[in-house]
Amino acid sequence: MTRRQRTRCSDPQLDVFVSYAHRDEKLRQELEKHLSPLVRSELIATWYDARLGAGTELYPEIRRRLSTADLILLLISPDFINSDFCYRREMRIALQRHAKGQARVVPVILRPVDWLTTPIGKLLATPKNGRPVTTWQRRDDALLDVATSVRRVAEELQSARTSSQPVNGTVTRAGSGT
């Protein structure tokens, strides 16, 4: 075990909320596999609405999880933009928390859509250059780029947590390596 891994184990995991349109479930599952090293190393713990148990009140639990997440991944697609719940509820809360320095929002561009003209257009997206995952020749390369960006942001957030800085206090070009 490396020093970095030992330190990480002593730090609390970062809570990651994944907001997505249900039509993108297969892409979300593929991304989850690429995020598994971050979960296994206890850097992050991911949550998405499919983890809700039977009998759970859907909207209050989603709001609670979204309101306490350290990192919020918005899985952007035409279906996400078209969904009133994703766009008007989840994205609105996410961006408010981001603006207050309470959470970091990372747009993950899954499929081609005119997202630059939306409120998330001001944020740097992943994969690299905001190129949609589905347009990469090898989808695994795109999802690896996303996972690497998420790792970088999560490590920044862990560092900020120990120095008590706002979670959106530094500019990171998600997916660009800068």
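How each quantity is defined
- Residues numbered from 1 in each chain as written.
- Predicted model: local features only at pLDDT ≥ 70, side-chain atom pairs only at ≥ 80, totals over all residues.
- Heavy atoms only, no water.
- Helix = DSSP H or I, 4+ residues; strand = E, 2+ residues; numbered from the N terminus.
- Buried < 20%, exposed > 50% of the residue type's maximum accessible area, 1.4 Å probe, protein only.
- Contact = heavy atoms within 4.5 Å.
- Areas by Shrake-Rupley, 256 points an atom, 1.4 Å probe, with all protein chains shown as cover.
- Pairing = 2+ DSSP bridges.
- Axes fitted to C-alpha atoms, helices over the stretch in contact; angles between N-to-C directions.
- Salt bridge = Lys/Arg side-chain N within 4 Å of Asp/Glu carboxyl O.

**Description of the overall build of the protein**
Then step 1. When helices and strands are tallied, the protein shows 6 helices and 4 strands.
Then step 2. Reading the protein from its N end, one meets helices and strands in the order α-β-α-β-α-β-α-α-β-α.
Then step 3. When the 178 residues of the protein are sorted by exposure, 45% land in the buried category.
Then step 4. Taking the contacts inside the protein whose residues are at least 6 apart along the sequence as the reference set, 70% of them involve residues at least 24 apart.
Then step 5. In the structure as shown, the protein presents an accessible area of about 9,500 Å², 48% of it carried by carbon and sulfur atoms.

**Digging into the sheet that holds strand β2 (residues 44-47)**
Then step 1. Across the sheet, 4 strands lie side by side as β2-β1-β3-β4; this open sheet has parallel pairing. The open sheet terminates on both sides in strands that have one partner only, identified here as β2 and β4 (104-109). Put simply, the sheet's adjacent strands are angled 25 degrees from each other on average, direction ignored.
Then step 2. Across 4 bridges, the pairing between strand β1 (residues 14-19) and β2 is parallel. The residue bridging Phe17 from the neighbouring strand is Trp47, located in β2.
Then step 3. The sheet contacts of helix α2 (residues 25-40) involve β1, β2 and β3 (71-76), and relative to β2 the element is tilted by about 160 degrees.

**What about the pattern of salt bridges?**
Then step 1. Enumeration according to the criterion identifies 9 salt bridges in this entry.
Then step 2. Salt-bridge contacts for Glu156 lead to Arg104; the nearest nitrogen and oxygen are separated by 3.2 Å. Here Glu156, found in helix α6 (residues 139-163), pairs with Arg104, found in strand β4; they are 52 residues apart in sequence, far enough to count as distant.
Then step 3. In this structure Glu156 comes out as partly exposed when scored by relative accessible area, which is 24%.
Then step 4. Residue Arg104 is classed as buried on the basis of its relative accessible area of 6%.

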